[in-house]
Amino acid sequence: MKEFLLLCVMACLISNSSYAQTPVITELCELPSAVTETSGLENGPNSWFWTHNDSGNPAVLYAVDTAGNIQRTVSVIGDANVDWEEITKDENGNIYIGNFGNNSLNRTELRIVKIPSIDTCTVNAYVTDTIRFSYPDQSAFPPNGTYGNFDMEAMFHFQDSVHLFSKDRSNPGTGFTKHYRLPQLGGTYVAELVDSFQTGSISYVFAVTAADISDDGNEVVLLSADKIWLFNNFSGTDFFAGDVATLNLSVFSQKEGICFRNGFLYVTDEASFGLGGKMYRIHPGLFVQVDETAKELEIEAIYGQNLRLAELRFSENESVSWQVFSTDGRLLQEGKARERILASELAQSSGVYVLQLRNEKGAKAMLIQL
């Protein structure tokens, strides 16, 4: 399996409730050709993930591993794939499929279907419940172009409810995603409009395309083509009232699947315009967080004849704290230095690592090859 790491370092603004940061992204694999239009991602059996394609594709769930292999192909009986856009699981192992894609904003048969014990299914999976719904604030199908925030691609299950987050298709864009809530039981409902969040983008290209909540219910993520919004320190289901961090991703692509697993975030994107069609792993706790007024560390990298790092030299005689991480986020070494750091101090064996450096003036992260 070929892995490489993409890292982009930038200055960012910190406040008490909102700050920006750049995570480490590891490309795990190319997705199999059967799921190049992947549009949702959820934990599956073993170390696999459930995913699916969106409109125009069969009603099939695929269990894929992190090497890009299909481990199971499960046909869903009881729901045609009009436009599947998201999947989520509850604590009992039931999976919910969001058949609510609404690019033209004119669908009136929006639904979420439920399949019990999905991880035990190997050939067929049967829909046992359907949640049919409408939006309380939509009265025209389609609405006027300036009021078109009724597409949906993001959903997760939490506290006996299904939570939805809209993809804004207003023209011009509003830059908001709306949070709706629905009961987890089958029936016909008008969704409850709970709140909204300003993503900061006025183009639907950057709108919300997937969502998930951590197993402990303490963190929520929303995904777009080049960002993840990470919410924490909220109470109950008032997700947007807590702190939010913007994770700036270094790759722009049609990202449409995200889920938590063992402290990491896993992301998939569609293959389009020669980009994407891959699975990535993100360590949301390994990032560079720098006050935008801080002076950037000035570092000179010295390489040996084999093009591997030999040492790092600092322009000022100040103490610098350093940490070396593996590309899966494990802390390997740490220490302090003045003037320079020798490569031999950083790691025990050759390979690619993430080096974080900090002093009183700022912080920096960089890829190093030893």
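Residues numbered from 1 in each chain as written. Predicted model: local features only at pLDDT ≥ 70, side-chain atom pairs only at ≥ 80, totals over all residues. Heavy atoms only, no water.

## Examining the pattern of salt bridges
What counts, and what does not: We define a salt bridge as a side-chain nitrogen of Lys or Arg found within 4 Å of a carboxyl oxygen belonging to Asp or Glu. The way it works is that DSSP assigns letters per residue, a run of H or I at least four long becomes a helix, a run of E at least two long becomes a strand, and they are numbered from the N terminus.
This structure, assessed with the given rule, holds eleven salt bridges. E27 is the salt-bridge partner of K278, the closest N and O atoms lying 3.4 Å from each other. Remark: E27 occurs in strand β2 (residues 18-30) and K278 occurs in strand β23 (residues 278-288); sequence separation between them is 251 residues. Of the charged contacts in the structure, one is a salt bridge between R181 and E192, with a shortest N-O distance of 3.0 Å.

## Concerning the sheet that holds strand β11 (residues 129-134)
Definition in use: In this description, strands pair whenever DSSP reports at least two bridges between them. The angle between two axes is taken between their N-to-C directions and runs from 0 to 180 degrees, where each axis is a line fitted to C-alpha atoms and a helix contributes only its stretch in contact.
The strand order across the open sheet built from five strands is β7-β8-β9-β11-β15, with neighbouring strands paired in mixed fashion. Here the strands that pair on one side only, and so sit at the sheet edges, are β7 (84-89) and β15 (187-190). In this sheet, neighbouring strand axes are inclined to one another by 20° on average, regardless of whether the strands run parallel or antiparallel. Inspection of the sheet shows strand β9 (residues 111-115) paired to β11 by four bridges, in the antiparallel sense. Within β11, the residue paired with R111 across the bridge is R132.

## Here we look at the layout of surface pockets
Here is the rule we go by: Site definitions follow a grid-based scheme: protein atoms alone, a 1 Å grid, a 1.4 Å probe that fits but cannot get out for cavities, and for pockets an open set with protein on both sides within 12 Å along at least five of seven lines, plus lining residues having an atom within 4 Å of a point. Grid points are joined across faces, edges and corners, and a volume is the space filled by probe spheres set on the points. Gly counts as polar in this scheme, as do all residues outside two lists: the nonpolar Ala, Val, Leu, Ile, Met, Phe, Trp, Tyr, Cys and Pro, and the charged Asp, Glu, Lys and Arg.
One number sums up the size of the largest pocket: a volume of about 310 Å³. Classifying every residue of the lining of the largest pocket gives four nonpolar, six polar and six charged. In terms of lining residues, the second largest pocket is bounded by 14 residues, among which V205, A225, F252, S253 and Q254 are the most central. Among the residues forming the lining of the second largest pocket, the class breakdown is six nonpolar, four polar and four charged.

## What about the sheet that holds strand β3 (residues 38-43)?
Taken in spatial order, the five strands line up as β3-β4-β5-β6-β10 in an open sheet, and their pairing is mixed. Strands at the two margins of the open sheet, each flanked by one partner only, are β3 and β10 (124-126). Between one strand axis and the next, the sheet turns by 30° as a mean value, whatever way the strands run. In this sheet, β10 lies alongside strand β6 (residues 70-77) in parallel orientation, the contact comprising three bridges. Looking at β10, one finds that S75 is bridged to N124.

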